[in-house]
Number of protein chains: 2
Amino acid sequence: MRILVVEDDVNLNRQLSDALKESGYVVDQAFDGEEGHYLGETEPYDAVILDIGLPQMDGITVVEKWREAGKGMPVLMLTARDRWSDKVSGIDAGADDYVAKPFHVEEVLARVRALIRRAAGHSSSEIICGPVRLDTKASKASVDGIQLKLTSHEFRLLSYLMHHMGQVVSRTELVEHMYDQDFDRDSNTIEVFVGRLRKKIGVDLIETVRGLGYRMQAPNDAH
Amino acid sequence: MRILVVEDDVNLNRQLSDALKESGYVVDQAFDGEEGHYLGETEPYDAVILDIGLPQMDGITVVEKWREAGKGMPVLMLTARDRWSDKVSGIDAGADDYVAKPFHVEEVLARVRALIRRAAGHSSSEIICGPVRLDTKASKASVDGIQLKLTSHEFRLLSYLMHHMGQVVSRTELVEHMYDQDFDRDSNTIEVFVGRLRKKIGVDLIETVRGLGYRMQAPNDAH
DNA sequence: CTTCGACCACGAGAATACGCATGAAACTGT
DNA sequence: ACAGTTTCATGCGTATTCTCGTGGTCGAAG
């Protein structure tokens, strides 16, 4: 899962980004409205954390522009004080949620989790696919009840696949959501990781759809 | 749009319900956790507003039970002020959003709007033609409920035909949509693929219109 | 009603593209 | 410097796609 943090306060930005990375997300940072807007429009993020008060272009304008351009990713707004009118207009402009400063980082993390899982159409913080269980809250996964030991990229791969269960996920889509900005596209890294994941969670769970990508699904189709 | 309000404070409950009705929603009211849980499990709501502190059963438990039972409707939680940990656990239990008391009714309305808007984006994209079902989002197709195993070109062909159901689709049109750029015109690949598709989904569904192309249609023509 | 020509279906093999395993090399943080 | 992790290159096996040839079907015209 790839997240964009747009916040001009350098310290706060780093604090948030670090916490997110710790939870296993890939994070891009922006420090003013224009940079943030540009990134959000060109890169595919699973969620955006957006300060409302920003140099160059304020947060509300940024969201509005994204929504006009058809970008639908979930946006969590950071509002300065208890300016509740800001919150309302932010939400109506297209933001999906807000947190008032000052906030606990834990809370922001919980809200980001909720936004991402809601965007994927899941209602609880645990996603279950056959014997595999993904605990988004703790960033852990298990098979048949026993904990998995996954490397960070393996976890990101599993997480993305499980958030898009039943759907075919292309290689490029995976690359875009597992890595930040620049990454050499032609390589078989994804295949390698899929292979390693399959070895750990069982080979039947990730189906390969030739020419399109991969699909995660509980294996009950004998067909 | 039908909304459930679960709140034990009679005044607050009425206040919210009135505001919602004013906005054009249909509103049901509940005044304790058990009643709320029962209603939410038996009636189909588009959104629920749920107080966290309730008699009989607290809000977090209510959400958890709903989620376990597979109920996925968006839930907006009302939390007592400053109970930061409550918010986090509420969100992780499966609530989609929360508002801290005391709140402005305007704000609750904005959030309900946002929740419903989000939920609407998850209607599944399926095309059905007789016994054939095509799920474009998952890149899957089935006949009489059983999964089809289609290759990527077969799927593309089926997809195009089903998107133009009832219309005659010419060979060149198909070629142009199944292949990027240039393609050797003198070849009968399309015919080959139509043949293979017919073998998999049943021969009656794709009618050949001599001299023009193919037409997909549910087979009920006594002709 | 028959015949003719164009159009289409289908099978089987050849050519290709694709995904996978593997192991070595490069990288990372401790 | 070391152990764990990630990246890259190679070659192989196979599913998929394409080509080709034959025979069948349809429709119009005589």
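Residues numbered from 1 in each chain as written. Chains lettered and ligands numbered in written order. Predicted model: local features only at pLDDT ≥ 70, side-chain atom pairs only at ≥ 80, totals over all residues. Heavy atoms only, no water.

A. Layout of helix α3 (residues 59-68) of chain B. Residues and elements named next belong to chain B. Taken together, the buried positions of α3 are Gly 59, Ile 60, Val 62, Val 63, Trp 66 and Arg 67. With its buried residues spanning 160° around the axis, α3 presents them on a single face. Residue Asp 58 occupies the N-cap position of α3, its side-chain oxygen lying 3.2 Å from the main-chain nitrogen of Ile 60. Taken from the residues just after α3, Gly 70 is the one with a positive phi, measuring 85°. (Buried < 20%, exposed > 50% of the residue type's maximum accessible area, 1.4 Å probe, protein only. Helix = DSSP H or I, 4+ residues; strand = E, 2+ residues; numbered from the N terminus. Arc of directions from axis to C-beta. Polar contact = N/O pair within 3.5 Å; in protein donor to acceptor, adjacent residues only side chain to side chain.)

B. Fine view of the packing of helix α6 (residues 152-163) of chain B against helix α8 (residues 189-201) of chain B. Residue and element names in this part refer to chain B. At their nearest, the axes of α6 and α8 sit 10 Å apart, and the two run at 85° to each other. As far as their axial angle goes, α8 and α6 are roughly perpendicular. Judged by residue contacts, His 153, Glu 154, Leu 157 and Leu 158 of α6 engage Phe 193, Val 194, Arg 196, Leu 197, Lys 200 and Ile 201 from α8. Here the residues of the contact of α6 with α8 sort into six nonpolar, one polar and three charged. (Axes fitted to C-alpha atoms, helices over the stretch in contact; angles between N-to-C directions. Parallel < 35°, antiparallel > 145°, perpendicular 65-115°, else oblique. Contact = heavy atoms within 4.5 Å. Nonpolar A, V, L, I, M, F, W, Y, C, P; charged D, E, K, R; others polar.)

C. Representation of the domain arrangement of chain A in the model. All names here are of chain A. Domain annotation of chain A identifies domain 1 (2-119) and domain 2 (126-221). If you average the C-alpha positions of domain 1 and of domain 2, the two centres end up 26 Å apart. Listed per partner, the contact involves 14 residues of domain 1 and 12 residues of domain 2. Each partner contributes to the roughly 1,100 Å² buried at the junction of domain 1 and domain 2, and carbon and sulfur atoms together form 51% of this total. Area buried by domain 1 at its contact with domain 2 is led by Arg 2, Val 26 and Arg 113, which between them contribute 39% of it. For the pair domain 1 and domain 2, the number of links is zero salt bridges. Taken together, the connections running from domain 1 to domain 2 amount to five residue pairs in polar contact (both at pLDDT 80 or more). Secondary structure elements with two or more residues in the side of domain 1 that touches domain 2: β2 (26-30) and α5 (105-119). By residue class, the composition of the side of domain 1 that touches domain 2 is six nonpolar, two polar and six charged. (Domains from an automatic or database assignment. Buried area = accessible area lost by both parts, 1.4 Å probe. Salt bridge = Lys/Arg side-chain N within 4 Å of Asp/Glu carboxyl O.)

D. View of the protein's contact with DNA strand C. Among the 20 residues in the neighbourhood of DNA strand C, the closest are listed as A:Arg198, A:Tyr214, B:Arg171, B:Arg198 and B:Tyr214. Of what DNA strand C places within 4 Å of the protein, 72% of the atoms are sugar or phosphate. At 2.7 Å, a side-chain N or O of B:Tyr214 approaches a phosphate oxygen of DNA strand C. When grouped by side-chain class, the residues that make up the surface near DNA strand C number three nonpolar, seven polar and 10 charged. (Near = heavy atom within 4 Å.)

E. Quick look at the UniProt feature "modified residue: 4-aspartylphosphate" (unreviewed entry) in chain A. Residues and elements named next belong to chain A. Within this numbering scheme, the UniProt entry marks Asp 51 as carrying the feature "modified residue: 4-aspartylphosphate" (unreviewed entry). One can find Asp 51 in strand β3 (residues 47-51). Apart from the residues within four sequence positions on either side, Asp 51 is in contact with Val 6, Glu 7, Asp 8, Gly 59, Leu 78 and Lys 101. (UniProt positions renumbered as here; feature names shortened; annotations may be inferred.)

F. Inspection of the interface of chain A and chain B at higher detail. Contacts between the two partners involve 38 residues from chain A and, on the opposite side, 31 residues from chain B. For the pair chain A and chain B, the summed buried area comes to about 3,000 Å², and 50% of that belongs to carbon and sulfur atoms. Linking chain A with chain B are two salt bridges. In this structure, the salt-bridge partner of A:Arg111 is B:Asp97, at a minimum N-O distance of 3.8 Å. For the pair chain A and chain B, the interface holds six residue pairs in polar contact (both at pLDDT 80 or more).

G. Broad picture of the environment of B:Tyr214. All names here are of chain B. With respect to the helices and strands, the residue Tyr 214 is situated in strand β12 (residues 213-216). Taking the relative accessible area as the measure of exposure, Tyr 214 reaches 6% and is therefore buried. There is a polar contact of 3.1 Å between the side chain of Tyr 214 and the side chain of Arg 171.

H. Seen up close, the sheet that holds strand β2 (residues 26-30) of chain B. All names here are of chain B. In spatial order, the strands read β2-β1-β3-β4-β5; together these five strands make up an open sheet with parallel pairing. The sheet is open, and its two edges are formed by β2 and β5 (97-100), each paired on a single side. Geometrically, the sheet is characterised by an average inter-axis angle of 20° between neighbouring strands, direction not taken into account. Two strands pair when backbone bridges link them, and strand β1 (residues 2-6) and β2 are joined in this way by five bridges, in the parallel orientation. The residue bridging Arg 2 from the neighbouring strand is Val 26, located in β2. Each of β1, β3 (47-51), β4 (75-79) and β5 is contacted by helix α5 (residues 105-120), which is oriented at about 180° to β5, the strand it contacts most. (Pairing = 2+ DSSP bridges.)

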